[in-house]
Amino acid sequence: MGGFKKFLLRGNIVELAIAVIIGATFSGLVQALVRDLVTPLIGAITGGRQPDFSQYSFTVNGSVFKYGDFLNHLITFLIIAAVVYWLIVMPMTRLVSLFDRNKEATEKKCPECRSDIPVEARRCAFCTVELVPESDKPPA
């Protein structure tokens, strides 16, 4: 029983549980945003009617294929993906790039093999070429 308790209280399990809870809550928030704001906006643009394809279907040998319901889900997915991209991903990417802009470089490219190496390195760890600082090079 002690091993089970230790397993449950490991940091990764707790962090995963928190991520799932926040993800589910965030999903509800995004769905409410699309349902309550974006979809009515689309309805206002299209003349007060919101597209509903749920009744579209066709029949083959007595089997009914409700492709309209699939279209509704596909459109909902695309709208949610667009909202998440434009209202969350793009602003976060811009914010992260603003913070990274002021960060000091810790790596540089090796002039010989183009591997990333520490700025202070005197020799490349990958191709072993000697790296001479600009200040130590003889004048040309």
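The structure presented is a predicted model; accordingly, all values stated were derived computationally and were not measured.

Thresholds applied
Residues numbered from 1 in each chain as written. Predicted model: local features only at pLDDT ≥ 70, side-chain atom pairs only at ≥ 80, totals over all residues. Heavy atoms only, no water. Helix = DSSP H or I, 4+ residues; strand = E, 2+ residues; numbered from the N terminus. Buried < 20%, exposed > 50% of the residue type's maximum accessible area, 1.4 Å probe, protein only. Contact = heavy atoms within 4.5 Å. Areas by Shrake-Rupley, 256 points an atom, 1.4 Å probe, with all protein chains shown as cover. Patch = residues over 30% accessible without salt bridge, like charges linked within 9 Å, V, L, I, M, F, W, Y side chains within 5 Å. Salt bridge = Lys/Arg side-chain N within 4 Å of Asp/Glu carboxyl O. Disulfide = S-S within 2.5 Å.

Asker: Which parts of the structure should I look at to understand the overall build of the protein?
Answerer: A count of helical and extended segments in the protein gives three helices and four strands. Starting at the N terminus, the α and β elements of the protein follow one another as α-α-β-β-α-β-β. Going through the 140 residues of the protein one by one, you find that 10% of them count as buried. Restricting to contacts in the protein with at least 6 residues of sequence separation, those with at least 24 account for 15%. Summed over all atoms, the accessible surface of the protein reaches about 11,800 Å², with 64% contributed by carbon and sulfur.

Asker: Please explain a nonpolar patch on the surface as it appears in this structure.
Answerer: A cluster of nonpolar side chains, M1, F4, F7, L8 and L9, forms an exposed patch at the surface whose accessible area comes to about 580 Å². Position of L9 relative to the elements: it lies in the loop between helix 1 (2–8) and helix 2 (11–45). The exposed category is assigned to L9, whose relative accessible area is 59%.

Asker: How should I be thinking about the pattern of salt bridges in this particular structure?
Answerer: Oppositely charged side chains can form a pair if their charged atoms are brought close together. This structure, assessed with the given rule, holds two salt bridges. For D116, the salt bridge goes to K109, with nearest N and O atoms at 3.1 Å. The closest approach of N and O atoms between R123 and E130, which form a salt bridge, is 3.9 Å. Given a relative accessible area of 47%, R123 falls into the partly exposed group. E130 gets classed as exposed once you look at its relative accessible area, which sits at 55%.

Asker: Help me understand the state of the cysteines in this model?
Answerer: When the sulfur atoms of two cysteines share a covalent bond, that bond is a disulfide. Under the defined criterion, the tally for this structure stands at zero disulfides. Cysteine C110 remains unbridged, with the sulfur of C127 as its closest cysteine sulfur at 3.7 Å. Between C113, a cysteine without a disulfide, and C124, which holds the nearest cysteine sulfur, the sulfur-to-sulfur distance is 3.7 Å. Residue classification places C113 among the partly exposed residues on the basis of a relative accessible area of 30%.

Asker: Help me understand the side chain of S115 in this model?
Answerer: Mapped onto the fold, S115 is located in the loop between strand 3 (107–109) and strand 4 (116–118). A residue is classified by how much of its surface remains accessible, and S115, at 17% relative accessible area, is buried. The residues contacting S115, other than those within four sequence positions of it, are K108, K109, C110 and F126.

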